[in-house]
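Observations on the three-dimensional arrangement
One letter stands for each residue in the lines below.
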Amino acid sequence: VLAMPVLFKQALENTEVEEGKSVSLRCELTKADASVVWKKGEAALQASAKYEMKQKGTVAELVIHNAEPEDA
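Residues numbered from 1 in each chain as written. Predicted model: local features only at pLDDT ≥ 70, side-chain atom pairs only at ≥ 80, totals over all residues. Heavy atoms only, no water.

- As recorded in an unreviewed UniProt entry, the chain goes by the name OBSCN protein, listed as coming from Thinocorus orbignyianus.
- Per UniProt, the chain carries the Subcellular location (unreviewed entry) text "Cytoplasm". (UniProt positions renumbered as here; feature names shortened; annotations may be inferred.)

1. Quick word on the sheet that holds strand S2 (residues 23-29)
- Taken in spatial order, the four strands of this open sheet run S1-S2-S6-S5, and their pairing is antiparallel. With partners counted over all chains shown, the strands left at the sheet margins are strand S1 (8-10) and strand S5 (51-56), one partner each. On average, each strand axis in the sheet is tilted by 30° relative to the strand beside it, whichever way the strands run.
- Of the pairings in the sheet, the one linking S2 to strand S6 (residues 59-64) comprises six bridges and is antiparallel in character. Paired with Val23 across the bridge in S6 is Ile64. (Pairing = 2+ DSSP bridges. Helix = DSSP H or I, 4+ residues; strand = E, 2+ residues; numbered from the N terminus. Axes fitted to C-alpha atoms, helices over the stretch in contact; angles between N-to-C directions.)

Here's what the structure looks like:
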């Protein structure tokens with residue numbers, strides 16, 4: 001039996017935020033609770049005081065706290 005691949009129903013959109021504020025990036029997947037890895041370039045982001053990862057059903061969210069220009 002072949003497993004159906006997980007696809008994006010709603011991809012990330014470019015978002016602007018003031019320096020020092022928090023920003024939320026969201027995407028929607030075709031499969032609930034699929035494993036999601038957030039990356040900046042090739043580096044996988046880890047949950048910390050700066051990066052908060054949430055997932056509920058098919059929606060995955062990354063919150064970046066205290067946004068800086070380097071977070072682009």
